[in-house]
Amino acid sequence: KNQVEQSPQSLIILEGKNCTLQCNYTVSPFSNLRWYKQDTGRGPVSLTIMTFSENTKSNGRYTATLDADTKQSSLHITASQLSDSASYICVVSARTSGTYKYIFGTGTRLKVLA
Amino acid sequence: DGGITQSPKYLFRKEGQNVTLSCEQNLNHDAMYWYRQDPGQGLRLIYYSQIVNDFQKGDIAEGYSVSREKKESFPLTVTSAQKNPTAFYLCASSMTEYEQYFGPGTRLTVT
């Protein structure tokens, strides 16, 4: 069964600190993995996308890693800011018979405190 | 939110009434999607369309209907047959499997 699991469910950190969010997946055949940031009551916004051959991708203070062998990804946030408070969603795409399917994780809710 | 608009942002309806949520995109994307988001759950696919005048059911299509008469528009109707319609609804579009852009969402409350 195609599945994406994220941990932790929620996280509270102090402003300026770093944090790492985890995403484990059992999706086949794997096409790509994306991380989204979703502010409360808003639509998700893409942070990074990685294909099978990529193992790291950065977007400002956000760095995503991918280990296709262990089927794990992480999102590292450096020097957190209050505006980083949001839900972070991991999405894995699977391609079968010319079509593709997106499998969403349940997200990690991050709260950054002053 | 890219070039995808959803309206209205908040919608209130009485139980038993059908309601239509609007989704428009100006990105010239072929594919469009409707998702439902509930607290503590991942996004669940309701319907998707890869070309005009064609659409397929997603994982939770019961109680919903869509149309795709124009490339730019993909309205979703929540019918009275949907047992738990209160949720946050997200529309998305994509040109390839490597990108998917989401709209700002519509929060539907049915009482």
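Draft legend 1. Representation of the interface of chain B and chain A. The partner chain A presents 21 residues to the 25 residues of chain B that form the contact. For the pair chain B and chain A, the two sides together bury roughly 1800 Å², of which 48% comes from carbon and sulfur. For D59(B), the salt bridge is made with K101(A), and the minimal N-O distance between the two is 3.8 Å. Counting only elements with at least two residues in the side of chain B that touches chain A, the list comes to β4 (31–37) and β9 (87–94) of chain B.

Draft legend 2. Summary view of the packing of aromatic side chains. Per the counting criterion, the structure on display carries 13 aromatic pairs over all chains. Measuring from ring centre to ring centre gives 5.2 Å for Y25(A) and F30(A), while their planes differ by 25°; the resulting arrangement is stacked. For the pair Y25(A) and F30(A), one class covers both residues: buried. Measuring from centroid to centroid gives 5.4 Å for Y36(A) and F102(B), while their planes differ by 90°, and the two rings are edge-to-face. Linking Y36(A) in strand β4 (residues 30–38) with F102(B) in strand β10 (residues 101–102), this pair reaches from one chain into another. The burial state of Y36(A) is the same as that of F102(B); both residues are buried. Every member of this aromatic cluster is reached through a ring pair, and the members are Y36(A), Y100(A), Y102(A), F104(A), Y33(B), Y35(B), Y48(B) and F102(B). Above the face of the Y62(A) ring, R61(A) is positioned so that its terminal group lies 5.7 Å from the ring centre. The ring of F74(B) has R68(B) sitting right over it, with the charged end atom 6.0 Å from the ring centre.

Conventions and cut-offs
Residues numbered from 1 in each chain as written. Chains lettered and ligands numbered in written order. Predicted model: local features only at pLDDT ≥ 70, side-chain atom pairs only at ≥ 80, totals over all residues. Heavy atoms only, no water. Contact = heavy atoms within 4.5 Å. Buried area = accessible area lost by both parts, 1.4 Å probe. Salt bridge = Lys/Arg side-chain N within 4 Å of Asp/Glu carboxyl O. Helix = DSSP H or I, 4+ residues; strand = E, 2+ residues; numbered from the N terminus. Phe/Tyr/Trp six-rings, centres within 6.5 Å; stacked < 30°, edge-to-face > 60°. Buried < 20%, exposed > 50% of the residue type's maximum accessible area, 1.4 Å probe, protein only. Lys NZ or Arg CZ within 6 Å of the ring centre and 35° of its normal.

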